[in-house]
Amino acid sequence: MTGEVDFARLDRDGRLVEVSARLGALNARAGGKLGEPFATPQLAMLARLAATLKMPVSREVIAADGTRIVDLLVRAEPVERGVDLKISAWTERVARASWLVDQPDPPVAPKTPPGWKWEADAKLTLTGLTVSLDEPDRLQPSDVVGQPLTRLVRLIENDDGDLPLLSGLADGSSFEDQRAVRRDQPDVEYILGGIARHDADGRLTGFSGTATGVPIRLETRASADTTAVAATDFSERLEQALRVPLNRIVACADTIGAQADGPLRRDYADYAGDIASAGRHLLSLVEDLADLHAVEQPGFDIAGAAVDLADVARRAAGLLGVRAADKQVRIDQPSPEEVLMAHGDFHRILQILVNLLDNAVRYTPPGSMVWLRTERDDDSAVVVVADQGKGIDSADHVRIFDKFERVDPSEAGGSGLGLYLSRRLARAMGGDITLDSAPGQGARFVLTLPVSQRLSTAT
């Protein structure tokens, strides 16, 4: 397969009209064929997102193929006839828990305290629960059956920033290695796995799964001071007030978008995808408050992956597009063909750029412009956010990156945490944020990140 170019072309209704041999075989094993909607859900959703945004979207995609997992780097580009999918990286690996794939029931596992077996419907409402005798403060099934699974546990993103359970829900597929903690027992972390159940027509009806608990290392908790205790309490309050309902919104939107309960009009499915994307973005913003304590811990670090910095910049511009239009400010963003691969975390980079761009739009006068530029500088990938605002005096260049500091507190604005968190996050990914500005000359914020080992090339 060396040198093979993998591609697909979908028409405006999402039907497959042309496909390369290897990608076509993957789609066929998922039950699809030419002239029908693309059968690999992750690629179909990426194509719909690109069509909705009317701009190219690049993303790493993980797809199940029998007992194997396929890792893809996909670029979806809207064209006049529909959407073109181009795959620049294709890696296959064996699923670590092959018993989760295409098996009617999970095998009987040895007793591993604590833990439980669970069943849920397609909306993640618990329909059954069997609890280990060694589960701390034993769960009473009658207290949780009929409630959403996410009310029992808080889901934790993996190192790639993904939630395997929600990915399985969106794809209608089995999942594994979903980290979680019981909301009433934060000292125990669980690993959830689930087998997808389908009806005779192939529609997702729910999951049967297990949850295995592993005590969180005591030394990790012992290193926390009283500030951490207060932050944990605040995080739990934030959990109930915002994360829980947002997680539910995302889960329901993913279920609708996956059309688990039957076919929908395409625009409705697209709306569901947009709701899920917006919900995930809101969840990342909620994390800012909870992360304030985390970024100040010694050794704070962020696991990174290959990220298309130009794509993230275009997404940030899209998120701020309405606000900029309301202020009569134009955002000049990277061209759809531009690609710049950096090493970092997609959600954190988007968080940084949205914050920098939001500031630029806020302080740029009506009728002016904000520039987003990406460039390669030796071993660094660079994004420049420049505005035509009133500028920042050199005496304030250091101060505005401190906590709760703003150039002019009398002006409407945020809490003064945005630039502080953005710089800490950038440095945790091996990069930095610098400022070049003077009164009357606008402001130029520069985000630098390490260049990804995947070389940046225009497709």
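Everything numeric in this text was worked out from a predicted model, so none of it was measured. (Residues numbered from 1 in each chain as written. Predicted model: local features only at pLDDT ≥ 70, side-chain atom pairs only at ≥ 80, totals over all residues. Heavy atoms only, no water.)

## Observations concerning the packing of aromatic side chains
- For the coordinates displayed, the defined rule picks out three aromatic pairs.
- For the pair W118 and F175, a centre-to-centre distance of 6.3 Å together with 35° between the ring planes defines the contact as tilted. Remark: F175 occurs in strand β9 (residues 175-182) and W118 occurs in strand β6 (residues 115-121); sequence separation between them is 57 residues.
- The exposure class of W118 is buried, given its relative accessible area of 1%.
- Ring geometry for F401 and F445: centres 6.3 Å apart, planes at 65°, overall edge-to-face. Taken together, the residues F401 in the loop between β16 (380-386) and α12 (418-428) and F445 in strand β18 (residues 443-450) connect sequence positions 44 residues apart. The exposure classification of F401 matches that of F445, with both residues buried.
- Seen from the ring of W90, R22 lies directly overhead, with NZ or CZ sitting 4.2 Å from the centre.
- The ring of F401 carries the charged tip of R423 above its face, separated from the ring centre by 3.7 Å. (Phe/Tyr/Trp six-rings, centres within 6.5 Å; stacked < 30°, edge-to-face > 60°. Helix = DSSP H or I, 4+ residues; strand = E, 2+ residues; numbered from the N terminus. Buried < 20%, exposed > 50% of the residue type's maximum accessible area, 1.4 Å probe, protein only. Lys NZ or Arg CZ within 6 Å of the ring centre and 35° of its normal.)

## Here we look at the pairing of strand β7 (residues 126-131)
- The pairing of β6 with β7 spans five bridges and is classified as antiparallel. Residue pairing for β7: A120 is matched across the bridge by L126.
- Between the antiparallel neighbours β6 and β7 lie four residues, among them L124 with a positive phi of about 65°. (Pairing = 2+ DSSP bridges.)

## What about the sheet that holds strand β17 (residues 432-437)?
- The sheet built from five strands is open, its strands ordered β13-β15-β16-β18-β17 with mixed pairing. What marks the edges here is a single partner per strand, and that holds for β13 (330-332) and β17. Taken pair by pair, the neighbouring strands of this sheet meet at an average axis angle of 15°, ignoring direction.
- Summarising the sheet, β17 and β18 pair through six bridges and their orientation is antiparallel. (Axes fitted to C-alpha atoms, helices over the stretch in contact; angles between N-to-C directions.)

## Comments concerning the pattern of salt bridges
- Applying the stated criterion across every chain yields a total of 14 salt bridges.
- With a shortest N-O distance of 3.9 Å, E18 and R9 are connected by a salt bridge.
- Judged by its relative accessible area of 37%, E18 is partly exposed.
- Residue classification places R9 among the partly exposed residues on the basis of a relative accessible area of 24%. (Salt bridge = Lys/Arg side-chain N within 4 Å of Asp/Glu carboxyl O.)

## A look at the confidence of the model for the protein chain
- Of all residues in the protein chain, 75% have pLDDT values of 70 or greater, and the mean over the chain is 76.
- Across residues 96-113, confidence stays below pLDDT 50; counting only partners more than four residues off in sequence or on other chains, it has 25 contacts.
- Counted against residues more than four places away or in other chains, residues 455-459, with its pLDDT under 50, gives eight contacts. (pLDDT = per-residue confidence, 0-100. Contact = heavy atoms within 4.5 Å.)

## Structural notes on the packing of helix α9 (residues 309-319) against helix α11 (residues 346-363)
- Across the interface, α9 lies against α11 with an axial gap of 9 Å and an inter-helix angle of 50°. Taken together, the axis directions place α9 and α11 in an arrangement best described as oblique. The element α9 and its partner α11 pack so that their crossing is right-handed. In this structure, α9 uses L309, V312, A313, R315, A316, A317 and L319 to contact α11, whose residues at the interface are F346, I349, L350, L353, V354 and L357.
- Residues that form the contact of α9 with α11 fall into these classes: twelve nonpolar, no polar and one charged. (Parallel < 35°, antiparallel > 145°, perpendicular 65-115°, else oblique. Left-handed = near helix turned anticlockwise from the far one by under 90°. Nonpolar A, V, L, I, M, F, W, Y, C, P; charged D, E, K, R; others polar.)

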